[in-house]
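# Examination of the molecular architecture
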Amino acid sequence: MTLRPELRIIADMVADGSRVLDVGCGDGDLLQHLAAQRKVDARGIELSQAGVNACVARGLSVVQGDADSDLADYPDSAFDYVILSQTIQATRLPREVLRQIARIGRRGIVSTPNFAHWRMRLQLLSRGRMPVTEALPNAWHDTPNIHMCSVRDFAEMAEGLELTIERTVSLSGGKARDVKPLSPRANIFSEAAIFLIARKDERRRANGGETTAAPSSAARR
Amino acid sequence: MPDDRAQPQPTERTQTLRLAGPRALTLDSGQVLDEVTIAYNTYGELNAARSNAIFLCHALTGDQHAASVNPLTGRSGWWDLMVGPGKVFDTNRFFVISSNVIGGCMGTTGPKDIDPATGKPYGLTFPVITIRDMVRAQVLLVDHLGIAELLCVAGGSMGGMQVLEWMASFPERLVSAMPIATAAKHSAQNIAFHEVGRQAIMADPDWRGGHYLTDGVFPSKGLAVARMAAHITYLSEAALQRKFGRELQDRATVSYAFDADFQVESYLRHQGRSFVERFDANSYLYITRAMDYFDLAADHGGQLSQAFKWLKARVCVASFTSDWLFPTIEAKRIVHALNAAAANVSFVEFATDTGHDAFLLNIPEMFTTFRGFIDAVAAHRGVK
């Protein structure tokens, strides 16, 4: 099984043997990869029933639900990583979703299409119509992407939530490279970006400041 | 004690366990049963490591004949589609156990049995039992079979309630659990339907205050009406419409009388008639009561997630779109509580118009999903 390039980069951000929640896990390709190759305790949330059934039939632990309503059920720091791949722009309340991700995960890995990519800017400027590209092929009236943002927008929202962006990977023309989240170049040339985020308190803890015991819920597993 | 009834499948064994002695089984009500018989069936072979045992919990009117021909009705077992060689609960790989619940009427001690203290049938002197009492009896059986850990405990409807009770009360004995088409508490509407059934039984003059066995009669009419009302709740409006519509039974026009003009009436009457041939009226009172009393959150300080605090088992919760008796929202409540307890849970909802009974029916997507779950659990536990 080969992962699509974005998922491969996300998988590489995950430490072996960790606890992972993939929000919007689809047919479970990433979870399957993480469980089989990386000894990860992999869980998923998926909106489509077909996706959920496919995942459970593969032996994965997946529940039907969505990012907007179901993240609130999980306890604090229940996972080492919470992954949200190309989904945050389709949620009703992206800021709340990101806050929940940071609450239930020690780290969050969030990817988003970049609405400030130069092709988007050019289309809007030249045609005066909402851009339609290969990466975002839907017309404005039938797109599931109701909250589009730019790389910079996302970085600023994360900052506003007291989150640290530990890594930003820019995706463009099938290539990936590390960038600074607020780099104007990255905001123009990224088709999409992947952010590795952490709560500021979690980062202090990880840096050896405190020796906080893992919460009982996570320690039991 | 082995029983020498016919064995339609080579691997099936029909047996009974007799426990006698003071306080053989202490019940939630505080009452005790000094003599308890548990009728059970097993399918397949227990492996040397004793790690391949799966316990199946039956629903309200089910019994220990999960996958074998029921000797009383001559019909195949209630989960025949799920249990057998090569099926989801593959008897070539797993040792499958199913027992009749306490309070039942298929061999396990219940109200129709003789009270050793009086020499007469218990009738209404049988103690009121709970879902947890049923599970306690199952634990005694599993102990008797020398099984420390069940690879899976599975069941639908009231069977699902027992699965939830296993998860809450005996979490250390489970590798996995499958509560299907069930709820962590019986809803007001469901209690209401049960009360209609009980009142129908008790309104039958032949019920005789529960003494019908001593008097040599049987409240067939009341029990049949109880079954008819309950049977409607197991289906869905869409399924009834699809199966029967307004079709007439053996006639071209309505009779302007109260015969079973409509096919749906004839069908329900048949359901009622066949039910009274196999089920005890007092058992029906007791078992419906046990379901009514079930409220797992209330048993754990009002918070369902507390019930699952010690659970390490993998859980697969399942519901069906057209089930209005145990609707998907009830399954989601269980899932939310499991998530809050950081349990390892999967949740699937199957699209079908067949209503609550769907878990007993041929739904290939359900089989595929359940097979994936149980195979992953077996692989995880090293069961070949």
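Here is what the cut-offs are and how they apply
- Residues numbered from 1 in each chain as written.
- Chains lettered and ligands numbered in written order.
- Predicted model: local features only at pLDDT ≥ 70, side-chain atom pairs only at ≥ 80, totals over all residues.
- Helix = DSSP H or I, 4+ residues; strand = E, 2+ residues; numbered from the N terminus.
- Rg over C-alpha atoms; globule rule 2.2 N^0.38 Å.
- Buried ≥ 20, exposed ≤ 12 C-beta atoms within 10 Å, placed from the backbone.
- Contact = placed C-beta atoms within 7 Å.
- Domains from an automatic or database assignment.
- Nonpolar A, V, L, I, M, F, W, Y, C, P; charged D, E, K, R; others polar.
- pLDDT = per-residue confidence, 0-100.
- Axes fitted to C-alpha atoms, helices over the stretch in contact; angles between N-to-C directions.
- Parallel < 35°, antiparallel > 145°, perpendicular 65-115°, else oblique.
- Left-handed = near helix turned anticlockwise from the far one by under 90°.

As a further point, take the overall build of chain B. A count of helical and extended segments in chain B gives 11 helices and 10 strands. Since a compact globule built from 384 residues should have a radius of gyration of about 21 Å, the 21 Å found for chain B is in line with a globular shape. Over its C-alpha atoms, taken along the principal directions, chain B stretches across nearly 65 × 50 × 45 Å. The burial tally for chain B puts 52% of its 384 residues in the buried class. Considering only contacts within chain B whose residues lie at least 6 apart along the sequence, 69% involve residues at least 24 apart.

Residue and element names in this part refer to chain B. Per the domain assignment, the segments making up chain B are domain 1 (13-186 + 297-381) and domain 2 (191-288). Once you take the C-alpha centre of each, domain 1 and domain 2 turn out to be 26 Å apart. Domain 1 puts 27 residues into the contact, and the matching count from domain 2 is 20 residues. Among the residues forming the side of domain 1 that touches domain 2, the class breakdown is 12 nonpolar, 11 polar and four charged.

What follows deals with the environment of S346(B). Along the chain, S346(B) turns up in strand β10 (residues 344-350). Residues S346(B) and F308(B) lie 38 residues apart in sequence; the distance between their C-alpha atoms is 15 Å.

With 18 residues of chain A in contact, the opposing surface of chain B contributes 22 residues. When residues of the side of chain A that touches chain B are traced back to their parent elements, those giving at least two are α3 (49-57), β3 (61-64) and α10 (216-219) of chain A. Among the elements that take part in the side of chain A that touches chain B, α3(A) stands out by supplying five residues, more than any other. Partitioning the side of chain A that touches chain B into residue classes produces nine nonpolar, six polar and three charged.

Here the focus is the environment of Q64(B). All names here are of chain B. Looking at where Q64 falls in the secondary structure, it is placed in the loop between β3 (53-57) and β4 (83-84). Measuring from C-alpha to C-alpha, the distance between Q64 and E35 comes to 19 Å, with 29 residues separating the pair along the chain. When near neighbours in sequence (up to four residues on either side) are disregarded, Q64 contacts A39, Y40, N41, S98, S99, N100, M106 and G107.

All right, on to the environment of A340(B) then. Summarising the element assignment, A340(B) is placed in helix α10 (residues 328-340). The buried category is assigned to A340(B), around which 20 C-beta atoms lie within 10 Å. Remark: the alpha-carbon pair of A340(B) and A379(B), spanning 39 residues in sequence, is separated by 26 Å. Setting aside chain neighbours within four positions, we find A340(B) in contact with D73(A), P75(A) and S305(B).

Let us now look at the confidence of the model for chain A. Do not read the fine detail of predicted coordinates wherever pLDDT is low. Scored by pLDDT, chain A has a mean of 90; 92% of the residues are at 70 or more. Scored below 50 in pLDDT, residues 210-221 of chain A shows 17 contacts in the model against residues more than four places distant or in partner chains.

Okay, the packing of helix α5 (residues 220-234) of chain B against helix α7 (residues 263-276) of chain B next. Angle between the axes and distance between the axes: these two values describe a pair of packed helices. Residue and element names in this part refer to chain B. Remark: α5 packs on α7, axes separated minimally by 8 Å, with the N-to-C direction vectors making an angle of 125°. In terms of their interaxial angle, α5 and α7 are classed as oblique. With respect to the hand of their crossing, α5 and α7 are arranged in right-handed fashion. Side by side, α5 and α7 meet where S220, L223, A224, V225, R227, M228 and H231 of the first sit next to L268, Q271, G272, R273, F275 and V276 of the second. Its residues assigned to classes, the contact of α5 with α7 comprises seven nonpolar, four polar and two charged.

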